[in-house]
Every structure is written in C-alpha cells, then in structure tokens.
Amino acid sequence: MTQQREQFAAPAIEVTDVHFRAAEAKWRHTGLLGHVHFTVNSDLRIEAAVRRTMVGALCLSYPAHRDQFGLQHFAVHPIHDRARIEIESQVLGHLRETGIVL
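Here's a quick rundown of the structure. (Residues numbered from 1 in each chain as written. Predicted model: local features only at pLDDT ≥ 70, side-chain atom pairs only at ≥ 80, totals over all residues. Heavy atoms only, no water.)

Observations regarding the side chain of Thr-39
Link 1 in the chain: Turning to its location among the elements, Thr-39 is positioned in strand E2 (residues 32–40).
Link 2 in the chain: A distance of 2.7 Å separates the side chain of Thr-39 from the side chain of Arg-45, its partner in a polar contact.
Link 3 in the chain: When near neighbours in sequence (up to four residues on either side) are disregarded, Thr-39 contacts Glu-14, Val-15, Thr-16, Asp-17, Leu-44 and Arg-45. (Helix = DSSP H or I, 4+ residues; strand = E, 2+ residues; numbered from the N terminus. Polar contact = N/O pair within 3.5 Å; in protein donor to acceptor, adjacent residues only side chain to side chain. Contact = heavy atoms within 4.5 Å.)

In structure tokens form, the structure reads like this:
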C-alpha cells in the first residue's frame, strides 16, 4: 500500500535561481514591489510580480492578458493552492533571507 501512495504522491517543487528587480517608486502605491524570475525543478523559468496586498501580505502575481470580453488569461500560474503556497513560500522566503523584502 505504501508503494502505491508514493506512486501517486505529488512531485516535490524546488525553486532555484531567484532574481529580483525592484519596481520604480511611482508604482509602490499600487502594491507592486518588483518583479522576480525563478526556476522551478530546473526545467521551467517563471516571471512574476511581487506585490503587497491591502492587508500587508506578500504574494506573487503571474502575467496575464484580458481578452475582448474582459476575461483574464494567465500565461503561467500554479494550478492548485498546494503548488501556489509552496512556490510563494520558497520565492518569498529567499527574498526575506536576502533582505530584499521584509
């Protein structure tokens, strides 16, 4: 039974090569702190915005465009909360450890 569970276990997410570029001061009032790019599992390069929400939490937002009906379409994004939480934890953890964001 244990072997079957391991077979269906979600693969580990490893974030590496985190690089941050601060936003211009004129955008800070919108909550935009800057842009980050990072690698996931040595296979996928992702770019995202680092934002501070109205309640003060840090989060990542992913590139998207709006179509003619106003619907948002993301170029890339985590497909479930477990992945979102793990990716944000690693990226924002790195930014905190290096003193980039507090």
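A short note on the pairing of strand E4 (residues 58–61)
Look at any regular strand and the pattern is simple: side chains alternate between the two faces of the sheet.
Link 1 in the chain: As paired elements, strand E3 (residues 44–52) and E4 share four bridges and run antiparallel to each other. Bridging from a neighbouring strand, Ala-49 pairs with Ser-61 of E4.
Link 2 in the chain: Hairpin connection from E3 to E4: five residues lie between these consecutive antiparallel strands, with Gly-56 at a positive phi of about 95°. (Pairing = 2+ DSSP bridges.)

Quick word on the pattern of salt bridges
Link 1 in the chain: Summed over all chains, the structure comprises three salt bridges.
Link 2 in the chain: Taking the shortest distance from any N to any O, the salt bridge between Arg-84 and Asp-81 comes out at 3.2 Å. Pair noted here: Arg-84 and Asp-81 are both in helix H2 (residues 81–97), with a separation of three residues, about one helical turn.
Link 3 in the chain: A residue is classified by how much of its surface remains accessible, and Arg-84, at 31% relative accessible area, is partly exposed.
Link 4 in the chain: One salt bridge in this structure joins Glu-88 and Arg-84, with 3.2 Å as the shortest N-O distance. With a gap of four residues between them, Glu-88 and Arg-84 both fall in helix H2, about one helical turn apart.
Link 5 in the chain: Residue Glu-88 is classed as buried on the basis of its relative accessible area of 10%.
Link 6 in the chain: Counted as one network, the salt bridges with shared partners bring together Asp-81, Arg-84 and Glu-88. (Salt bridge = Lys/Arg side-chain N within 4 Å of Asp/Glu carboxyl O. Buried < 20%, exposed > 50% of the residue type's maximum accessible area, 1.4 Å probe, protein only.)

Spatial relationships are all this shows, so hold off on functional conclusions.
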